[in-house]
Amino acid sequence: AQEARGRGDVYRRQAYVSWVVIPVIEFEYLGEKPKILQSSSKATRHFCQECGTPIAYIEKKRPDEIAVTLCSLDDPERYTPTADLYTDTKLAWLV
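A few points on the structure. What you see is a predicted model; the values in this text were computed from it and never measured.

### Things to note about the layout of surface pockets
Here comes step 1: Counted as a void, the second largest pocket has a volume near 570 Å³.
Here comes step 2: In terms of lining residues, the second largest pocket is bounded by 22 residues, among which F27, E28, S72, L73 and D74 are the most central.
Here comes step 3: Class assignment for the residues of the lining of the second largest pocket results in 11 nonpolar, three polar and eight charged.

Here you go:
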C-alpha cells in the first residue's frame, strides 16, 4: 500500500487529507456500501450514504487502485504517510 497526504485545489476546503492507495482487488467495504458518484471524467468518488464524508476514489487512469481516506479505516494507525502531494497549492498557513 502507498500512503500519501494530499493538499490541493480538489480538497481546498480541507486542511489536508491522508490517503492509502491499495489494489482494488485487496479492498472491500465491510459495512454499508458507499454512495458512488462519477464526479468527473477522471474519477469515481465514494461517499458515506448518511453524512457525505469522502471515503475513496478510483481514477480512470489507474482503475486497479483505490485511494481510501485514512480516517475512514477501522485501524488508520496501521498506515503512515510516506509522501506529501500537491504541496505547491497548499494553503499558506500549512507548514
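Once you've had a look at it, read on.
### Side note on the pairing of strand β5 (residues 54-59)
Here comes step 1: In this sheet, β5 lies alongside strand β4 (residues 43-47) in antiparallel orientation, the contact comprising five bridges. Across the sheet, residue H46 finds its bridge partner in β5, namely A56.
Here comes step 2: With antiparallel pairing between neighbouring strands as the criterion, β4 and β5 make up a hairpin whose turn holds six residues, including G52 at a positive phi of roughly 85 degrees.
Here comes step 3: Alignment of β5 against strand β6 (residues 65-69), held across two bridges, turns out to be antiparallel. From the neighbouring strand, A56 faces β6, where its bridge partner is V68.
Here comes step 4: Here β5 folds back onto β6 in antiparallel fashion, the turn holding five residues.

### Concerning the nonpolar core
Here comes step 1: Core analysis: the biggest nonpolar cluster contains 11 residues, these being V20, I22, F27, Y29, I55, A56, I58, I66, V68, L70 and Y79.
Here comes step 2: Of all elements in the fold, only β2 (17-23), β5 and β6 reach the threshold of two or more residues within this core.
Here comes step 3: If one sorts the elements of this core by residue count, β5 sits on top with three residues.
Here comes step 4: Listed in part, the six residues of the second largest apolar core include V17, W19, V21 and Y57.

The rules we used
- Residues numbered from 1 in each chain as written.
- Predicted model: local features only at pLDDT ≥ 70, side-chain atom pairs only at ≥ 80, totals over all residues.
- Heavy atoms only, no water.
- 1 Å grid on protein atoms, 1.4 Å probe; cavity = no way out; pocket = protein on both sides within 12 Å on 5 of 7 lines; lining within 4 Å.
- Points joined across faces, edges and corners; volume = space filled by probe spheres on them.
- Nonpolar A, V, L, I, M, F, W, Y, C, P; charged D, E, K, R; others polar.
- Pairing = 2+ DSSP bridges.
- Helix = DSSP H or I, 4+ residues; strand = E, 2+ residues; numbered from the N terminus.
- Core = buried A, V, L, I, M, F, W, Y, C linked by side-chain atoms within 4.5 Å.
- Buried < 20%, exposed > 50% of the residue type's maximum accessible area, 1.4 Å probe, protein only.

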